[in-house]
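Spelled out, the chains give:
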Amino acid sequence: MERRTVFGGWLLPILLVLPQLTLTGFFFYWPAAQAVWSSMTTQDAFGAGEVFVGLDNFSELLADPLYVASVGRTVVFCVTVSALAMGLALALAVFADREIRGKGAYRTLLIWPYAIAPALSSILFLFILDPRVGMLGRPLNRMGIDWDYHLNGNQALLTVVMASAWKQVSYNFIFFLAGLQSIPRAVIEAARMDGAKGWRRFRTINFPLLAPTTFFLLVVNIVYAAFDTFGTINALTHGGPGKDTETLVLKVYRDGFINQDIGSSSAQSVILMLGVIAITALQFRFMGKKVTE
Amino acid sequence: MARQDRDWFAHAMLGLGVVLFALPVWLVLAGSTQDSDAIARGDLSLVPDLTNFSAYPRVLAHGTMGAQPVWHMLLVSLGMALCIAGGKIAISILSAYAVVFFRFPFRKIAFWSIFVTLMLPVEVRIMPTYSVMATFGLINTFTGLWVPLIASATATLLFRQVFVAIPDELVEAARMDGAGPLRFLKDIVIPVSGANIAALFVILFVYGWNQYLWPLLVATDPGLDTIVIGLVKMIGVETQTDWSAVMATAVLALLPPVAVVLLMQRWFVAGLAEGEK
Amino acid sequence: MKRRALLAGSAALAAAPYAAARAADKTKIVWWHAMTAALGEQVQHLVDEFNKSQDTVEVQGVFKGGYADTMNAAIAASRAGQAPHLVQVFEVGTGTMINAPGKFVKQVWELSKETGIALDPKNYIGAVRGYYSLPDGRMASMPFNSSTAMMWYSKDAFKKAGLDPAKPPTTWEDVVKAAKAIKDSNAAEIPCTSAWFSWIQLEQFSALHNLPFASKEDGFAGLDTELKFNSKAHIAHLDRLIGMAKDGTFKYTGRDSTPSQLLISGKVGIHFDSSGERGDLVKSAQFEWGEALLPFDPQVIKAPLNSIIGGASLWTMTAPGRTPAEYKGVAEFLAFIGKAENDAYWHQHTGYVPVTLAGFDLSKKQGFYEKNVGADLPAQQLTRGTVTPNSKGLRLGRLVEIRNNIYEEVEKAFQGGQTAKEALDNAVARGNKVLRDFQKSIKA
């Protein structure tokens, strides 16, 4: 968590940190404070008739079994998407790190998916997975597999997990690759000369040295799965069938943007935020030690 | 020979990866050459019609409806993406450096207060952010498009991780050379982080490039339309969509991010060489 | 050097007429809308036509995202004192907008009174304006793009199943029989399905059969409205569909417009969807299709009433410092789009229904319906019979959430997890809670 070697002085670091803190103050904390305030009110869409209700919005949410079920579902979703996206990306990055021909081409091709406009990528998945017209969906049904994520909750969850993980693999890949490339070749050569074979070398040298990157990606992936998957899930299943693919962020968006229930959606966001902060704090505690050296 | 076997396996795995992940990209490319009506019926084929590139001149000349030429939107998107990527990297390097290499009062609080900004979704902040921007008179301005978007913490977190892992020997060596903290930052820290800076630049550029919700909200002048907004404007809801035009525009929209990726390829290797001191 | 001077000179000449126009200092009206692709082009056409038709007002149409994003943008801008003059809000947002304080929204009747420009409710088709009016008939917002629900069927599938393609079913009993025939003869991959399940199979069903969807005139008469779509007739209808699903003659294929893709692909025998699908069918379908009125259940009502609309309307927003000249400009634009020839043009080029009686009549006179057989059915369905409190439309806050609850419960029923009665009872209970929350959030 800490470095041993540092520089002295305090004026310079404070100046260095000031730009980001200022921007953060204006564009995060000020709006966030308003969101926290809103979470303790009921108001109409236009902010008129604002009534302070204390923690009523929170207690209503936590007393609702459907909401609590969504929390569990979201946790499962986040873990699955992160594991899938990170695992696949790591495997691909390891292969792309080798001294093989066409390395640059593979790298470029694997990063492209990240660049597709989000609005379009959801539509593309529909074109691929739709039970009746999809490139994969149609053959699946023809083969006798009853593929229909409009009615089958498990298939729906699988669909949104795959689509969400897909988007993140490129992101993870690029950082894993950068992390692997930052490992000094000297270290790897030394290990190789010591006789360490591929998998063992990976386990004892590469992977531990990747720890800072892995930790970073773990945090980012969980945040992504928790917050940024709204568009994907909404385009594919709208949260259905039933509530089988409704994660917390869907409900936040629906209540905030569509139903204009500012009080409840703010409260939900606060809960979501506290949850993710808690998870990340735990991560820092447990993995923070391994992150240095 | 063992080495060649391993290479063959690597190629196979990477090839499979490309097929799996680049499939949707391929679909967009192929779709841009096919007939819109067929696509609307669900007949999107993996095989492009190599005789039919008519969607491209149509899209470039006609533009999207709303009378914004594609080149103008590409320009706006480019400016926005560069400002966001550049801005984020610049301020994050400074903050991460300060937090990692110094001990100053409130250091931990500074880091955590930056870090926590990851945790609140944009959708929630968006209305209050709008009123903040209104207060500064930045609604419907180019500056308003990107300034709120550089206030996030991903880059700072990454740089913190990278900086923490920099070997002590390097710092000692610099100290003995009489280098001050700023020289150290410029001459050692930044080059050593080259690969990560490159990766981050690509990611942030694409992030800025694909922004939709915020530019949509803050800009009303069609002159500030980004290419992504232009793309969504072409996708019909409850109406016919000219799918090949949509996909052709998407391909055009993909080109600058891809160019950035290609440009950054060099840096991936450069950072490596420097790190071998 | 000389060439530059020449270029500069010609540039100045070229700019001259524009400069003159700008000097006239037109009133600028900003209109935020949610129309994309072909519809967006038609919106631009309307705007251009209006701007050309006079020289004191200039309207600028701005795309602000989908319906939800556009409404949010308008609300955010309102709160910051920067609201546009006009905003297109989807019909389910009417509950929110109509309860907006006067300092944010100016209703049509008030706009008309203040500016002296006539925007007479009587010019507009009853079932269309009803959705957007106050209980006493005064209009709150201006109907703009309205659609209604229709029954679409594949004539190819009918032929293959031995059914008469010129005689689509008119009652639900006939629909069940037809779907069975289609299934038995394998005439279509999906015998019957429905898009917008809640809107068509519950909301429209209620209107057609003169059943209340909610109390207090479907919410028009008070915020203390309660949902009523779990009546015996409603349950019987959902039961019918679930029964069909068990027989394989009906398939639930997703929420909102997800099933619409199937219609265009020709895989469905009988399909329920928005009247707006016509445009897509005309352009892209490769099978013979037909348009028909919604079926009804003669055991519930002898002669069905009008259907209700979907779509969006235009709301006038206020902002500090907005001048009477601006409001006048807005009223002039609203009057312009309500003129017969403009309404007819919009209807004929977009697939939305005409919102004025004059527009409908003009289209008839122009022979539009001879060339486009069946295109008059939506308007026909909207204007038949007399409008009752149960067929005016819905005035429910957070209607999207209520629909969402319906989707969730209905999906569970189609999965076999609960009965039709349980599904509707649950949806009503959850929906009522939403209504009470909405009521709380509006201060009198």
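Model, not experiment: these values are computed from the prediction.

Undergrad: Help me understand the overall build of chain B in this model?
TA: If you tally the helices and strands in chain B, you get 14 helices and zero strands. For chain B, the sequential pattern of α-helices and β-strands runs α-α-α-α-α-α-α-α-α-α-α-α-α-α. The buried share among the 277 residues of chain B stands at 55%. A fraction of 75% describes how many contacts in chain B between residues 6 or more apart in sequence connect residues 24 or more apart.

Undergrad: I'm lost on the sheet that holds strand β7 (residues 190-194) of chain C in this one. Help?
TA: Backbone-to-backbone hydrogen bonds join strands into a sheet, with any given pair of strands oriented parallel or antiparallel. Residue and element names in this part refer to chain C. Reading across the sheet, the four strands line up as β7-β8-β6-β9 and stay open at both edges, with mixed pairing between neighbours. The open sheet is flanked by β7 and β9 (289-292), the only strands paired with a single partner. Shown here is a sheet whose adjacent strand axes are inclined to one another by a mean of 20°, direction ignored. Two strands pair when backbone bridges link them, and strand β6 (residues 149-154) and β9 are joined in this way by four bridges, in the antiparallel orientation. By the bridge assignment for β9, W152 is matched with E291.

Undergrad: Honestly, the environment of K167(A) in this entry has me stumped. Any pointers?
TA: All names here are of chain A. By the secondary structure assignment, K167 is in helix α7 (residues 153-181). For K167, a count of 24 C-beta atoms within 10 Å puts it in the buried group. Sequence separation of K167 and L109 is 58 residues, and the distance between their C-alpha atoms is 14 Å. Not counting chain neighbours up to four residues away, the residues in contact with K167 comprise S121 and T232.

Undergrad: Even after reading the chapter, I still don't get the nonpolar core, so can you show me in this structure?
TA: Most often, soluble globular proteins have nonpolar side chains that are buried together. Counting 312 residues, the largest nonpolar core has Y97(B), V202(B) and A250(B) as its most contacted members. The element contributing the most residues to this core is helix α4 (residues 70-101) of chain B, with 17 residues. Counting contributing residues per domain, this core is built from domain 1 (24-147 + 309-366) and domain 2 (149-307 + 395-441) of chain C, each supplying no fewer than three. Apart from the residues within four sequence positions on either side, V202(B) is in contact with I111(A), I174(A), V260(B), V261(B) and M264(B).

Undergrad: Explain the pairing of strand β2 (residues 57-63) of chain C to me, please; I cannot follow it from the model alone.
TA: Moving residue by residue along a regular strand, the side chains alternate between the two faces of the sheet. Residues and elements named next belong to chain C. With burial as the criterion, only one face of β2 is covered, namely that bearing V57, V59, G61 and F63; the residues E58, Q60 and V62 on the opposite face remain uncovered. Relative to β2, strand β1 (residues 27-33) is paired through seven bridges, and the arrangement is parallel. Its bridge partner being in β2, W32 is matched across the sheet by V62. Once the chain exits β1 it traverses helix α2 (residues 37-53) before rejoining the sheet at β2, and the crossover so formed is right-handed.

Undergrad: Explain the pairing of strand β8 (residues 268-274) of chain C to me, please; I cannot follow it from the model alone.
TA: Residue and element names in this part refer to chain C. Among the seven residues of β8, seven are classified as buried, and the element is accordingly described as predominantly covered. Sheet topology places β6 next to β8; five bridges connect them, and they run antiparallel. Bridge pairing in β8 links Y153 to I270. Where β7 meets β8, four bridges bridge the pair, whose relative direction is parallel.

Undergrad: Looking at this structure, I do not really get the interface of chain A and chain C. What am I missing?
TA: Reports often express the size of an interface as the amount of accessible area lost when the parts come together. Counting from both sides, the interface comprises 23 residues of chain A and, opposite them, 35 residues of chain C. Residue contributions to the side of chain A that touches chain C peak at three residues, all from helix α12 (residues 248-258) of chain A. Class assignment for the residues of the side of chain A that touches chain C results in eight nonpolar, 10 polar and five charged.

Undergrad: Whenever I open this one, unusual backbone geometry confuses me. Can you help?
TA: With glycine set apart, most residues show a phi of negative sign, and most peptide bonds adopt trans. Omega for the bond connecting G240(A) with P241(A) falls within 30 degrees of zero, at -5°, which places this linkage in the cis form. Looking at where P241(A) falls in the secondary structure, it is placed in the loop between α11 (230-236) and α12.

Undergrad: What am I meant to see in the environment of Y345(C) here?
TA: All names here are of chain C. Positionally, Y345 belongs in helix α15 (residues 340-350). Residue classification places Y345 among the buried residues on the basis of 20 C-beta atoms within 10 Å. Separated by 189 residues in sequence, Y345 and D156 place their C-alpha atoms 31 Å apart.

Undergrad: In this structure, what is going on with the interface of chain B and chain A? I would like to understand it.
TA: Contacts between the two partners involve 84 residues from chain B and, on the opposite side, 85 residues from chain A. Per-element accounting of the side of chain B that touches chain A gives the leading share, 13 residues, to helix α1 (residues 2-31) of chain B. Per-class residue counts for the side of chain B that touches chain A are 61 nonpolar, 16 polar and seven charged.

Calculation notes
- Residues numbered from 1 in each chain as written.
- Chains lettered and ligands numbered in written order.
- Predicted model: local features only at pLDDT ≥ 70, side-chain atom pairs only at ≥ 80, totals over all residues.
- Helix = DSSP H or I, 4+ residues; strand = E, 2+ residues; numbered from the N terminus.
- Buried ≥ 20, exposed ≤ 12 C-beta atoms within 10 Å, placed from the backbone.
- Contact = placed C-beta atoms within 7 Å.
- Pairing = 2+ DSSP bridges.
- Axes fitted to C-alpha atoms, helices over the stretch in contact; angles between N-to-C directions.
- Core = buried A, V, L, I, M, F, W, Y, C linked by C-beta atoms within 7 Å.
- Domains from an automatic or database assignment.
- Right-handed = clockwise from strand over helix to strand, strands pointing away.
- Nonpolar A, V, L, I, M, F, W, Y, C, P; charged D, E, K, R; others polar.

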